[in-house]
Amino acid sequence: MDIQTLFSKESGRAENYRIPSIIKTKSGVLVACADERFFTCRDNPNRIDKVVRRSLDNGLTWQEQTVAVEEVGDSMKDASAAIDPCMLYDDNSDTIFMLYSHTPAGIGILNCKKGIGQDGDGNLYLYDGKKRYTLKGEKVFDKDGKEVEGYVVKENGDLIYNGESVGNYKLNSGRLKELRTSHLCIISSSDDGLTWSQPRNISYQVKEKYMSFFGAGPGVGITVKEGKYKGRIIFPVYYNVVEHGGILMLSACVIYSDDHGVTWHRGKSPNQTRKHGILPVNHRLVMPNDMITEAQLIECEGGRLKFFMRNHSSKRLIATAISDDGGVTWQDYKHHPQLTHCICQCSVIVGDDGGKPVTIFLNAADSKVRHNGVIRLSYDYGETFVYSKLIKEGEFVYSSMVWLGDGKVGILYEENMQHEEIKFAILTIDEIKDKA
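Residues numbered from 1 in each chain as written. Predicted model: local features only at pLDDT ≥ 70, side-chain atom pairs only at ≥ 80, totals over all residues. Heavy atoms only, no water.

Just checking my understanding: could you explain the sheet that holds strand E16 (residues 177-178) for this structure?
Pairing between the strands of a sheet comes from backbone hydrogen bonds, and it takes one of two forms, parallel or antiparallel. Strand order in the open sheet formed by four strands is E12-E11-E10-E16, with antiparallel pairing between adjacent strands. Of all the strands in the sheet, the pair left with one neighbour each is strand E12 (139-141) and E16. Looking at chain direction, strand E10 (residues 124-128) and E16 are connected through two bridges and run antiparallel. Following the sheet pairing, Tyr127 is matched in E16 by Lys177. (Pairing = 2+ DSSP bridges. Helix = DSSP H or I, 4+ residues; strand = E, 2+ residues; numbered from the N terminus.)

Right, dumping it as structure tokens:
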């Protein structure tokens, strides 16, 4: 297969790139996205922006890299982050949505505070020590609803007080600061990824006060094509319920919108509907072996949804679950005997093989280390996989796939643990079937 380098220091402004996401619009434009990580390849705390590249010829050539989300900060310890993209294309509104987690300086998954960080109308809370204010537009208001004279707040978080700079609320330097937590944010594009909206924080619609980390299951979301929930747009997400101490109690679920992204709702996690042995799993007290995190989903026949989940079970197998109510609840949680994994993200989409739906699954298919990228084909929506092919021997990490049509799949992937480049390749269904 022919391989191109899409994201690297040659195309952008940083040394490290991670977390691929790729979609195709009905006009035929491919949009690829990645984390641009400035000071290290590590997760946050770090300066992490969102960057995109577009292709107008089904992946043969790519336009120059552009910035979709720009964070702030000049050092690893004093920079904000927009981490882990998940894109979906809503063909009903001809809109691309990109979901990600924004964190202020110094905050990562292990030290997020519990809380939402917004009021019920989506206005951001700002803090001066324990004193809480509310940001509405460019103005700051106290707890009694009275405007605090002298403050002007810029879109990027810069704070101006009586004409003087007083830092940025995303950084350690800010006189006022946003809640030191994980903020679930979304942007959109109505011109095939050429330009993007300003970020919108939707935590107040989907996050609970007892949650700390809340982020996208990176990769892609879907628009439901059939059945009762036709038109629903769905993103995979996961969250933590413990504050500080380096303890993780993670559960996956989805968020969904029935009005083209205006309002969002959170479905239940499989950790609220499954059992560990004879006992139910409690999504607010998750044992290490029961954690489910980064997930992807597909639509099966009739609008049924199927979840494919990274999990921390000692079985080292991808977990699956089924939803017949558009992602609100999940049943039939089990570990797939064919899908070996090493606690790493996976990618799964549905394509077409001679008029038959074909489920395409890709991951690092090793039980111990992030090695051996294996792509698989299923003709029963992932119940059984009848073809598999090793496409990358040795190190292989995160990936995202897009159906290109004409029997071709596009693969965007991290080829090694140095995280300096993200590659793109085109593979045909016949090549995956070929045992040579």
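Looking at this structure, I do not really get the sheet that holds strand E15 (residues 164-168). What am I missing?
One open sheet holds the three strands; their spatial order is E13-E14-E15, and the pairing between them is antiparallel. The open sheet has two edge strands with one neighbour each: strand E13 (151-153) and E15. Neighbour-to-neighbour, the strand axes of the sheet open up by a mean angle of 25 degrees, direction not taken into account. (Axes fitted to C-alpha atoms, helices over the stretch in contact; angles between N-to-C directions.)

Got a minute to help me understand the nonpolar core in this structure?
In globular proteins that are soluble, nonpolar side chains generally tend to be buried together. Counting residues in each nonpolar core, the largest one holds 45 residues, and the members touching the most others are Leu99, Phe235, Ile255 and Phe307. The contacts of Phe307, once residues within four sequence positions are left out, are Pro236, Ala252, Cys253, Val254, Pro270, Ala295, Gln296, Leu297, Ala319, Thr320, Ala321 and Trp330. Counting 22 residues, the second-largest nonpolar core is a separate cluster that includes Cys342, Val358, Ile391 and Ala425. (Core = buried A, V, L, I, M, F, W, Y, C linked by side-chain atoms within 4.5 Å. Buried < 20%, exposed > 50% of the residue type's maximum accessible area, 1.4 Å probe, protein only. Contact = heavy atoms within 4.5 Å.)

Is there a simple way to think about the pattern of salt bridges in this case?
Where side chains of opposite charge bring their charged atoms close, a pairing between them can arise. Taken as a whole, this structure holds 25 salt bridges when the rule is applied. The residue Glu36 makes a salt bridge to Arg13 at a minimum N-O spacing of 2.5 Å. Of this pair, Glu36 sits in strand E3 (residues 30-37) while Arg13 sits in the loop between strand E1 (3-7) and strand E2 (16-24), and the two are 23 residues apart along the sequence. You can call Glu36 buried: its relative accessible area is 0%. One network of salt bridges, with partners in common, ties together Arg13, Glu36, Arg47, Asp49 and Glu70. (Salt bridge = Lys/Arg side-chain N within 4 Å of Asp/Glu carboxyl O.)

Quick question: what am I supposed to make of the layout of surface pockets here?
To find the voids left in a structure, one rolls a probe of water-molecule size over its atoms. Quantified by volume, the largest pocket comes out at close to 820 Å³. Lining the largest pocket are 31 residues, with Glu155, Tyr169, Gln198, Pro199 and Arg200 sitting closest to its centre. Going through the elements one at a time, strand E5 (66-69), strand E9 (95-103), strand E11 (131-136), strand E17 (183-189) and strand E18 (200-201) are the ones with two or more residues in the lining of the largest pocket. In this structure, the second largest pocket occupies an estimated 670 Å³ of space. (1 Å grid on protein atoms, 1.4 Å probe; cavity = no way out; pocket = protein on both sides within 12 Å on 5 of 7 lines; lining within 4 Å. Points joined across faces, edges and corners; volume = space filled by probe spheres on them.)

What's the story with the packing of aromatic side chains in this structure? I'm lost.
By convention here, two paired aromatic rings are described through the distance between centres and the angle between planes. Per the stated rule, a full pass over the model turns up twelve aromatic pairs. Residues Phe214 and Tyr239 carry aromatic rings whose centres are separated by 6.0 Å and whose planes lie at 20 degrees to one another, so their mutual orientation is stacked. Of this pair, Phe214 sits in strand E19 (residues 214-216) while Tyr239 sits in strand E22 (residues 233-240), and the two are 25 residues apart along the sequence. With a relative accessible area of 0%, Phe214 lands in the buried category. Ring pairs connect the aromatic residues Phe97, Phe235 and Trp264, which therefore count as one cluster. Between Arg274 and the ring centre of Tyr333, over which it is positioned, the NZ or CZ distance is 4.0 Å. When the ring centre of Tyr210 is taken as reference, the NZ or CZ atom of Arg284 above it lies at 3.7 Å. (Phe/Tyr/Trp six-rings, centres within 6.5 Å; stacked < 30°, edge-to-face > 60°. Lys NZ or Arg CZ within 6 Å of the ring centre and 35° of its normal.)

What should I look at first to understand the side chain of His102 in this one?
Positionally, His102 belongs in strand E9. In this structure the side chain of His102 is engaged in a polar contact, spanning 3.0 Å, whose partner is the side chain of Glu71. Within the local environment of His102, its side chain forms a polar contact with the side chain of Glu178, the two groups lying 2.7 Å apart. Those residues in contact with His102 that lie beyond four places of it in its chain are Glu71, Ser80, Ala81, Ala82, Lys170, Glu178, Thr181, Ser182, His183 and Cys185. (Polar contact = N/O pair within 3.5 Å; in protein donor to acceptor, adjacent residues only side chain to side chain.)

Where do I start with a negative patch on the surface in this structure?
On the surface, Asp2, Asp430, Glu431 and Asp434 cluster together into a patch of negative charge. Under the relative-accessibility criterion, Asp2 is labelled exposed at 70%. (Patch = residues over 30% accessible without salt bridge, like charges linked within 9 Å, V, L, I, M, F, W, Y side chains within 5 Å. Areas by Shrake-Rupley, 256 points an atom, 1.4 Å probe, with all protein chains shown as cover. Lys, Arg positive; Asp, Glu negative; His and termini not counted. Charge placed at Lys NZ, Arg CZ, Asp CG, Glu CD.)

Teacher, can you tell me more about the environment of Gln345 here?
The residue Gln345 is located in the loop between strand E30 (331-340) and strand E31 (347-353) in this model. Note on Gln345: relative accessible area 2%, which makes it buried. It is 21 Å that separates the C-alpha atoms of Gln345 and Val241, two residues lying 104 residues apart in sequence. Those residues in contact with Gln345, other than ones at most four positions away along the chain, are Pro218, Gly219, Glu294, Arg310, Asn363, Tyr398 and Ser399. Among the polar contacts listed, one links the side chain of Gln345 to the backbone oxygen of Pro218, at a separation of 3.1 Å.

Bear in mind that shape data such as this cannot, by itself, settle questions of function.
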